[in-house]
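Fold and geometry: a report
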Amino acid sequence: MPSPRRNVDARPLSASASSSSGGPGSPAHGGGGGGGGGRFEFQSLLSSRAPGLDPTCTRLRASESPVHRRGSFPLAGAGPSQAPPAPLPEEDRMDLNPSFLGIALRSLLAIDLWLSKKLGVCAGESSSWGSMRPLMKLLEISGHGIPWLLGTLYCLSRSDSWAGREVLMNLLFALLLDLLLVALIKGLVRRRRPAHNQMDMFVTLSVDKYSFPSGHATRAALVSRFILNHLVLAIPLRVLVVLWAFILGLSRVMLGRHNVTDVAFGFFLGYTQYSIVDYCWLSPHNAPVLFLLWNQQ
Ligand SMILES: CC(C)=CCC/C(C)=C/CC/C(C)=C/COP(=O)(O)O
């Protein structure tokens, strides 16, 4: 038999609880006197914690978790003198019952951190491949925004053909778009750089304290796709361009600057950015002002 106190608690909260002869909320329906009492208490506590919550949904969600199913047994068997255990807050219940996507993401993150730490062999001078660090830093400069911007501006100023100017103008647009998008995403995501990274990078922006996505990786993918599409190059040079992009991305993880996912997403973003640039291709037809302005200089 449920204790009188429990009946008093349950009655105003569940209409079915008022039925004393086998209704859905009655002790008999709950699978025995103690069980029914436990169920009443469970319902009443849930309802009182979240008044706007549909008790049916809450009960279903709670019962999906084996932890909660197990948790309800002591309550069902508890004697009248035992106080029922306090229910977990809603957020904790969610944690105990994570979705498949949640588990997959956490696993991916764990693999990412583990792999990035393993690959960070040039993170410091005393690291296992520490002697390669100067070479990695040279690669870092080859993918930095400043040389690419200054180089493009210089070539633009020296270009004497309309076709060359058009390509360079679009490369400039691509580089600026890349800086903007990377800064925006870094500022939104705010993922810290790996703990083993030494912050000794050549000229950075304030958002570059964050690591997702890798700006070098986006630039590498964007620029290499741009070059492959707009420069006529012999096959060995084309292979070299792709290799440069790949090694630059890898060097970010080896230097300890980034986790693998920062670089992988960076490649994806850079590749996509090229598609945007190609779609919005600037030409004397659709942006005459830009080209005339440049010509006057
Ligand atoms: C026009 C303008 C705002 C130029 C800024 C160029 C600049 C300082 C770019 C920063 C490049 C950089 C250090 C990116 C960080 O790359 P991660 O691969 O470490 O994300």
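Residues numbered from 1 in each chain as written. Predicted model: local features only at pLDDT ≥ 70, side-chain atom pairs only at ≥ 80, totals over all residues. Heavy atoms only, no water.

The name an unreviewed UniProt entry assigns to the protein is Polyisoprenoid diphosphate/phosphate phosphohydrolase PLPP6, from the organism Acinonyx jubatus. Recorded in UniProt under Sequence similarities (unreviewed entry), the annotation for the protein is "Belongs to the PA-phosphatase related phosphoesterase family." (UniProt positions renumbered as here; feature names shortened; annotations may be inferred.)

Moving on to the overall build of the protein. The secondary structure content of the protein amounts to 13 helices and 0 strands. Along its sequence from the N terminus, the protein presents helices and strands in the succession α-α-α-α-α-α-α-α-α-α-α-α-α. For the protein, contacts bridging at least 24 residues in sequence account for 68% of all contacts bridging at least 6. (Helix = DSSP H or I, 4+ residues; strand = E, 2+ residues; numbered from the N terminus. Contact = heavy atoms within 4.5 Å.)

Across all of its chains, the model carries 6 aromatic pairs by this definition. These aromatic residues form a ring-pair network of at least three members: Phe212, Phe265 and Phe268. Taking NZ or CZ as reference, Arg165 lies 5.3 Å from the ring centre of Trp162, over its face. Over the ring of Tyr271 we find Arg225, and its NZ or CZ is 3.9 Å from the ring centre. (Phe/Tyr/Trp six-rings, centres within 6.5 Å; stacked < 30°, edge-to-face > 60°. Lys NZ or Arg CZ within 6 Å of the ring centre and 35° of its normal.)

Under the counting rule described, the total for this entry stands at 10 salt bridges. Two residues, Lys137 and Asp200, come together in a salt bridge whose shortest N-O distance is 2.9 Å. In this pair, Lys137 sits in helix α7 (residues 133-142) while Asp200 sits in the loop between α9 (162-189) and α10 (215-230), placing the two residues 63 residues apart along the sequence. Members of the salt-bridge network, linked through shared partners, are Glu125, Arg133, Lys137, Glu140, Asp200, Arg252 and Arg257. (Salt bridge = Lys/Arg side-chain N within 4 Å of Asp/Glu carboxyl O.)

Turning next to α9. Since one α-helical turn is 3.6 residues long, residues separated by three or four positions face the same way. Over its 28 residues, α9 runs 40 Å from end to end, which matches the ideal 40 Å to within 8%, given 1.5 Å per residue. In the stretch just after α9, Arg190 is the one whose phi turns positive, near 55°. (Expected span 1.5 Å × (residues − 1).)

Their axes nearest at 9 Å, the elements α10 and helix α11 (residues 235-254) cross at an angle of 175°. As far as their axial angle goes, α11 and α10 are roughly antiparallel. For the pair α10 and α11, contact is made by His216, Ala220, Val223, Ser224, Ile227 and Leu228 and by Arg238, Val241, Val242, Trp244, Ala245, Leu248 and Arg252, respectively. The class makeup of the residues in the contact of α10 with α11 is 9 nonpolar, 2 polar and 2 charged. (Axes fitted to C-alpha atoms, helices over the stretch in contact; angles between N-to-C directions. Parallel < 35°, antiparallel > 145°, perpendicular 65-115°, else oblique. Nonpolar A, V, L, I, M, F, W, Y, C, P; charged D, E, K, R; others polar.)

Okay, the site of the ligand next. Among the 18 residues in the neighbourhood of the ligand, the closest are listed as Lys186, Arg193, Gly215, His216 and Arg252. Interatomic distance of 2.8 Å between a side-chain N/O atom of His216 and an oxygen atom of the ligand. Arg252 places a side-chain nitrogen or oxygen 2.7 Å from an oxygen atom of the ligand. Expressed as a share of its isolated accessible area of 570 Å², the protein-covered part of the ligand is 81%. In a pocket analysis with a 2 Å cut-off to the grid points, the ligand is assigned to the second largest pocket. Contributions of two or more residues to the shell around the ligand are made by α8 (145-158), α9 and α10. (Near = heavy atom within 4 Å. Polar contact = N/O pair within 3.5 Å; in protein donor to acceptor, adjacent residues only side chain to side chain. Areas by Shrake-Rupley, 256 points an atom, 1.4 Å probe, with all protein chains shown as cover. 1 Å grid on protein atoms, 1.4 Å probe; cavity = no way out; pocket = protein on both sides within 12 Å on 5 of 7 lines; lining within 4 Å. Sits in = over half its atoms within 2 Å of the grid points.)

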